[in-house]
Amino acid sequence: MTESVRTAKRRVGVGRTPIEVDSEPAEPVRPVPIAGLALGTSLDEPGQLGGPAARPGSVVEALRRQAIRGQTIRRSGTETTMDLSEDEEELSEEELEPWEGTVDEAGDDIVKWLRKNAGKATNYTVAVCSGHIYLTKVNGVTPAAKLMGQLREHIQDNGIDQVCNIYLCQKYNTSQPSNHAEMCVVAAIGAANIGNITFFECTAASCDYCGAFLAHYDVPNTSPANDPASQAGWTHPFQSLFWGTQLGGHKAQVDELKAYLDHGTAPRIGRVIGTAPAGRYVLWL
Ligand SMILES: [Zn+2]
């Protein structure tokens, strides 16, 4: 990570606290929904997996948050006589504690947080690839999604965003309903980089299709081993292929997927679909 990026991230850390200590329900000025829009312009640019080309986005984000912080201070300025420069120095010391563990351990921490706070209804996936964190839920997640504001606070409070980039992954096949969380992450990381995944875990068990896919690519999937929920369908993250309950029996289809992955056996039950998959993600933090 370049020094300029580190500096930008520190600015984010310093600038964040005034928003948090503002006792008003400050939802309208929270940066979360705007962040996705601001960074979304880089979505379809090729060749930025792992994020070097996305780095300027974090600077934009930092500058924008500074502007928001200015608004917050001005608004609360009528109620306090605090010396802003002194306050900022104190905050700097308090906020500049980076995450002390590895990025893989940070990924594990985020999985645990999601498991505790997201409940069992939604499966989330967190992965670390080439030192950066990718996360999502089924059919993708945006900065504006429920829970992401709380998760952002958890990540920033623990300094995780100071040691790596954190990307949110979206649907990879917009023509299909079954964009499983695991495959949204894999599609965002891409076939060329799938071997660089060092951590991969879901809040719940992976389905049989995802399990077969991740095993084929030797992804170190440490998701829980309890019975996975049955899935209505599964869409390949790299190719225009779909399997689903309306097409045939579950086990026969999973076996067919395994044969396709391992031996290139042409699918007989699985269907070729018109829309090609394309991994999508935004730099979040
Ligand atoms: Zn799955």
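Residues numbered from 1 in each chain as written. Predicted model: local features only at pLDDT ≥ 70, side-chain atom pairs only at ≥ 80, totals over all residues.

## Here's the deal with the overall build of the protein chain
- When helices and strands are tallied, the protein chain shows nine helices and eight strands.
- Pairs at least 24 residues apart make up 72% of the contacts formed inside the protein chain by residues separated by at least 6 positions. (Helix = DSSP H or I, 4+ residues; strand = E, 2+ residues; numbered from the N terminus. Contact = placed C-beta atoms within 7 Å.)

## Points about the sheet that holds strand 6 (residues 241-244)
- Reading across from one edge, 5-6-7 is the order of the three strands in this open sheet, with antiparallel pairing throughout. Two strands close off the open sheet at either side, each with one partner strand: strand 5 (233-235) and strand 7 (271-272).
- Where strand 5 and strand 6 come together, three bridges link them in antiparallel fashion. Residue Thr235 lies in a different strand from strand 6, and its bridge partner there is Phe242. (Pairing = 2+ DSSP bridges.)

## Here we look at the pairing of strand 3 (residues 166-169)
- Of the two faces of strand 3, the one carrying Ile166 and Leu168 and the one carrying Tyr167 and Cys169 are both buried.
- Relative to strand 3, strand 2 (residues 132-137) runs parallel, the two being bridged by three bridges. Bridging from a neighbouring strand, Tyr134 pairs with Tyr167 of strand 3.
- Viewed along the sheet, the connection from strand 2 through helix 6 (residues 148-157) into strand 3 turns out right-handed.
- For strand 3 and strand 8 (residues 281-283), the ladder comprises three bridges, and the chain directions are antiparallel. The partner of Tyr167 across the bridge, within strand 8, is Leu283. (Buried ≥ 20, exposed ≤ 12 C-beta atoms within 10 Å, placed from the backbone. Right-handed = clockwise from strand over helix to strand, strands pointing away.)

## A few points about unusual backbone geometry
- Phi at Ser130 takes a positive value of approximately 50 degrees, unusual for a residue other than glycine.
- Inspection of the secondary structure puts Ser130 in the loop between strand 1 (124-129) and strand 2.

## With respect to the pairing of strand 4 (residues 197-202)
- Counted residue by residue, strand 4 has five buried out of six residues, so it is predominantly covered.
- Pairing analysis gives five bridges linking strand 1 to strand 4, with the strands arranged antiparallel. In the strand pairing of strand 4, Val128 is matched with Phe199.

## Some points on the confidence of the model for the protein chain
- For the protein chain, per-residue confidence averages 78 on the pLDDT scale, and residues scoring 70 or more make up 66% of the total.
- With pLDDT under 50 throughout, residues 66-86 is counted as low confidence; its partners more than four residues away or in other chains account for 18 contacts. (pLDDT = per-residue confidence, 0-100.)

## Here's the deal with the sheet that holds strand 4
- The sheet built from five strands is open, its strands ordered 4-1-2-3-8 with mixed pairing. Only two strands of the sheet have a single neighbouring strand rather than two, namely strand 4 and strand 8. Sheet twist, expressed as the average angle between the axes of neighbouring strands with direction ignored, equals 20 degrees.
- Pairing analysis gives six bridges linking strand 1 to strand 2, with the strands arranged antiparallel. Residue pairing in the sheet places Tyr124 in a bridge with Lys137 of strand 2.
- Across the face of the sheet, helix 5 (residues 103-117) comes into contact with strand 1, strand 2 and strand 4 while running at roughly 175 degrees to strand 1. (Axes fitted to C-alpha atoms, helices over the stretch in contact; angles between N-to-C directions.)

## Remarks on the nonpolar core
- Among the nonpolar cores identified, the biggest contains 55 residues, and Ala127, Ile133, Tyr134, Tyr167, Val185, Ala188 and Ile189 are the most heavily contacted of them.
- Among the elements that take part in this core, helix 7 (residues 181-189) stands out by supplying eight residues, more than any other. (Core = buried A, V, L, I, M, F, W, Y, C linked by C-beta atoms within 7 Å.)

## Considering helix 8 (residues 208-216)
- The complete set of buried residues in helix 8 reads Tyr209, Cys210, Ala212, Phe213 and Leu214.
- Along its buried surface, helix 8 packs onto helix 7, strand 4, strand 5, strand 6 and helix 9 (250-263).

## Brief notes about the packing of helix 8 against helix 9
- Between helix 8 and helix 9, the shortest axis-to-axis distance is 10 Å and the interhelical angle comes to 20 degrees. Relative to helix 9, the element helix 8 is oriented roughly parallel. For the element pair helix 8 and helix 9, the recorded crossing hand is right-handed. When helix 8 is examined against helix 9, the residues Asp208, Tyr209, Ala212, Phe213 and His216 are found in contact with a partner set consisting of Val254, Leu257, Lys258, Leu261 and Asp262.
- Taken together, the residues that form the contact of helix 8 with helix 9 break down as six nonpolar, one polar and three charged. (Parallel < 35°, antiparallel > 145°, perpendicular 65-115°, else oblique. Left-handed = near helix turned anticlockwise from the far one by under 90°. Nonpolar A, V, L, I, M, F, W, Y, C, P; charged D, E, K, R; others polar.)

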